[in-house]
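Understanding the architecture of this molecule
The chain contents come next:
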Amino acid sequence: MEQYSVQLDGLLVALADPTRRAVLSRLGRGPATVSDLAEGFPMALPSFLKHVRTLERNGLIRTAKSGRVRTCELNRAGLAPLEGWLTEQRRIWEDRTDRLAQFATAPAPQEQE
């Protein structure tokens, strides 16, 4: 689990904010400029850019600047560490619930007289 810690922490922090999740959702439909993305949010552009930088720093989006226009696109591979961690957690908890189910359905041992 240590293999995930720093990168996973950054991903979870980035995904914890509803604005950043909304940006990722929008970028799932295709690239967009920062200005286009920012239109839907009630905040100043510098504040919105902090969200963009957080997403980029954590590998969830890529940005490219052409002149004065910065375009963002989703980096689907950036979610791979989170997917790996979730898969590992799912396996652990499924094993635990399987053992609990076996314990709960096993016949009670007979007491000797």
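It should be noted that the structure appears before, not after, this text.
Just so we're clear, the structure is a prediction, and the values are computed from it rather than from any experiment. (Residues numbered from 1 in each chain as written. Predicted model: local features only at pLDDT ≥ 70, side-chain atom pairs only at ≥ 80, totals over all residues. Heavy atoms only, no water.)

**Details of the overall build of the protein chain**
Of regular secondary structure, the protein chain possesses five helices and three strands. Going through the 113 residues of the protein chain one by one, you find that 31% of them count as buried. Contacts in the protein chain between residues far apart in sequence, at least 24 positions, make up 55% of those at least 6 positions apart. (Helix = DSSP H or I, 4+ residues; strand = E, 2+ residues; numbered from the N terminus. Buried < 20%, exposed > 50% of the residue type's maximum accessible area, 1.4 Å probe, protein only. Contact = heavy atoms within 4.5 Å.)

**Here's the deal with the packing of aromatic side chains**
The tally for this structure, following the rule as stated, stands at one aromatic pair. On the basis of an interplanar angle of 25° and a centroid distance of 5.4 Å, the ring pair of F41 and F48 is categorised as stacked. F41 sits in the partly exposed class, given a relative accessible area of 21%. (Phe/Tyr/Trp six-rings, centres within 6.5 Å; stacked < 30°, edge-to-face > 60°.)

**Description of the sheet that holds strand β3 (residues 69-74)**
One open sheet accounts for three strands, arranged β1-β3-β2; its pairing is antiparallel. Pairing within the sheet leaves two strands with one partner each, and these edge strands are β1 (32-33) and β2 (61-66). One ladder, built from six bridges, connects β2 with β3; its direction is antiparallel. Paired with T63 across the bridge in β3 is C72. Set on the sheet, helix α2 (residues 18-27) makes contact with β1, β2 and β3; between it and β3 the angle comes to about 85°. Strands in contact with helix α4 (residues 45-57) are β2 and β3; relative to β2, the strand with the most contacts, it is inclined by about 120°. (Pairing = 2+ DSSP bridges. Axes fitted to C-alpha atoms, helices over the stretch in contact; angles between N-to-C directions.)

**So, the packing of α2 against α4**
When two helices pack together, their arrangement is given by the angle between the helix axes and by the axis-to-axis distance. Two numbers describe how α2 lies on α4: the axes approach to 10 Å, and their chain directions differ by 70°. Relative to α4, α2 is oriented roughly perpendicular. For the element pair α2 and α4, the recorded crossing hand is right-handed. Mapping the contact onto sequence places T19, R20, V23 and L24 in α2 and F48, H51, T54 and L55 in α4. Among the residues forming the contact of α2 with α4, the class breakdown is four nonpolar, three polar and one charged. (Parallel < 35°, antiparallel > 145°, perpendicular 65-115°, else oblique. Left-handed = near helix turned anticlockwise from the far one by under 90°. Nonpolar A, V, L, I, M, F, W, Y, C, P; charged D, E, K, R; others polar.)

**Remarks on the environment of T19**
In this fold, T19 is placed in helix α2. Under the relative-accessibility criterion, T19 is labelled buried at 14%. For the pair T19 and A38, spaced 19 residues apart in sequence, the C-alpha to C-alpha distance is 9.8 Å. Not counting residues within four places of it along the chain, the set of residues in contact with T19 comprises F41, M43, F48 and H51.

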